[in-house]
Structures are given as C-alpha cells and as structure tokens.
Amino acid sequence: MGKPTRMPSLKALKVFQEAGRYLSFKEAAEVLFISPSAVSHQVKNLENYLGIELFVRKTRALEFTDAGRKYFTFLDEMFSRLEAET
C-alpha cells in the first residue's frame with residue numbers, strides 16, 4: 001500500500017485565496033473574520049508547506065510571485081467549482 005499523500009489544510013487554502021483576491025491581508029482578514037496577523041501566519045505556513053513563496057510582501061501591498069499567481073488561479077477555479085456543485 002502506498003504512502004498516503006497530504007494536502008495543505010483547507011483553511012490555509014481559503015485564506016490564501018482571499019488574500020490573493022484582494023492582494024491584502026487586511027481585507028482578507030475582514031472577509032474571513034480573523035486578524036490580519038492570522039492571515040499572514042496561515043499564508044506563511046502554506047508557503048513553508050509548499051516550499052515556495054506565494055507573495056512578494058511590500059510595505060503596504062502584496063504582489064503575487066509567478067508561482068503564487070498560478071496557484072491562486074488554480075485554487076480560485078477549484079473553489080468556484082466546489083461552490084457551484086455544492
């Protein structure tokens with residue numbers, strides 16, 4: 001029997017999706033009813049899990065890395081499909 005694969009937590013994926021939608025930890029936090037610090041920690045944990053940076057953090061702004069933009073596009077589509085089917 002093969003080794004079970006693990007995925008990042010659904011919560012971390014949703015937090016990343018919202019941060020990517022707004023390109024803001026603060027706005028994502030407001031939508032998710034958590035603190036901006038919690039958003040930052042979730043995204044950092046996801047980055048550590050994946051072994052890639054998803055955002056370039058600037059003083060008061062976020063930008064996607066190339067990998068982050070690609071992952072966001074994929075996740076955004078998957079969440080949209082999940083919501084439509086549900």
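Everything numeric in this text was worked out from a predicted model, so none of it was measured. (Residues numbered from 1 in each chain as written. Predicted model: local features only at pLDDT ≥ 70, side-chain atom pairs only at ≥ 80, totals over all residues. Heavy atoms only, no water.)

With that out of the way, let us pick up the pattern of salt bridges. Applying the stated criterion across every chain, the model contains seven salt bridges. Note that K44 is salt-bridged to E47, the shortest N-O span being 3.6 Å. Taken together, the residues span about one helical turn, with K44 and E47 both in helix 3 (residues 36-50) at a distance of three residues. A network of salt bridges, in which partner residues are shared, links K14, E18, R21, D76 and E83. (Salt bridge = Lys/Arg side-chain N within 4 Å of Asp/Glu carboxyl O. Helix = DSSP H or I, 4+ residues; strand = E, 2+ residues; numbered from the N terminus.)

On to helix 2 (residues 25-32). Residues lying three or four places apart along an α-helix face the same way, a consequence of the helix completing one turn every 3.6 residues. Inspection of helix 2 places F25, A28 and A29 among the buried residues, and these make up the whole buried set. What you see down the axis of helix 2 is that its buried residues fit within an arc of 105 degrees, all on one side. Pointing more than 90 degrees away from the buried face of helix 2 are the exposed residues K26 and E30. A positive phi of about 60 degrees marks F33, the residue just after helix 2. (Buried < 20%, exposed > 50% of the residue type's maximum accessible area, 1.4 Å probe, protein only. Arc of directions from axis to C-beta.)

The next point concerns helix 1 (residues 10-22). Taking 1.5 Å per residue, 13 residues should reach 18 Å; helix 1 reaches 19 Å between its end C-alpha atoms and fits that length. Residues A12, L13, V15, F16, Q17, E18, A19 and G20 constitute the buried set of helix 1. In the core, the buried residues of helix 1 are packed alongside helix 2, helix 3, strand 1 (55-57), strand 2 (62-64) and helix 4 (66-85). L23, located one to two residues past helix 1, shows a positive phi value of around 50 degrees. (Expected span 1.5 Å × (residues − 1). Contact = heavy atoms within 4.5 Å.)

For the rest of this paragraph, the subject is the packing of aromatic side chains. Applying the stated criterion to the full structure yields seven aromatic pairs. When the ring of F16 is compared with that of F55, the centres are 5.4 Å apart and the planes differ by 55 degrees; the resulting orientation is tilted. Note that F16 is positioned in helix 1 and F55 in strand 1, a separation of 39 residues in sequence. Through a chain of ring-to-ring contacts, the aromatic side chains of F16, F25, F55, F64, Y71 and F72 assemble into a single cluster. (Phe/Tyr/Trp six-rings, centres within 6.5 Å; stacked < 30°, edge-to-face > 60°.)

Now for the nonpolar core. In this structure, F16, V39 and F55 are the most contacted members of the largest nonpolar core, which totals 19 residues. Here the element with the most residues in this core is helix 1; it accounts for five residues. Once residues within four sequence positions are removed from consideration, F16 is found in contact with V43, L46, L54, F55, F64, G68, Y71, F72 and L75. (Core = buried A, V, L, I, M, F, W, Y, C linked by side-chain atoms within 4.5 Å.)

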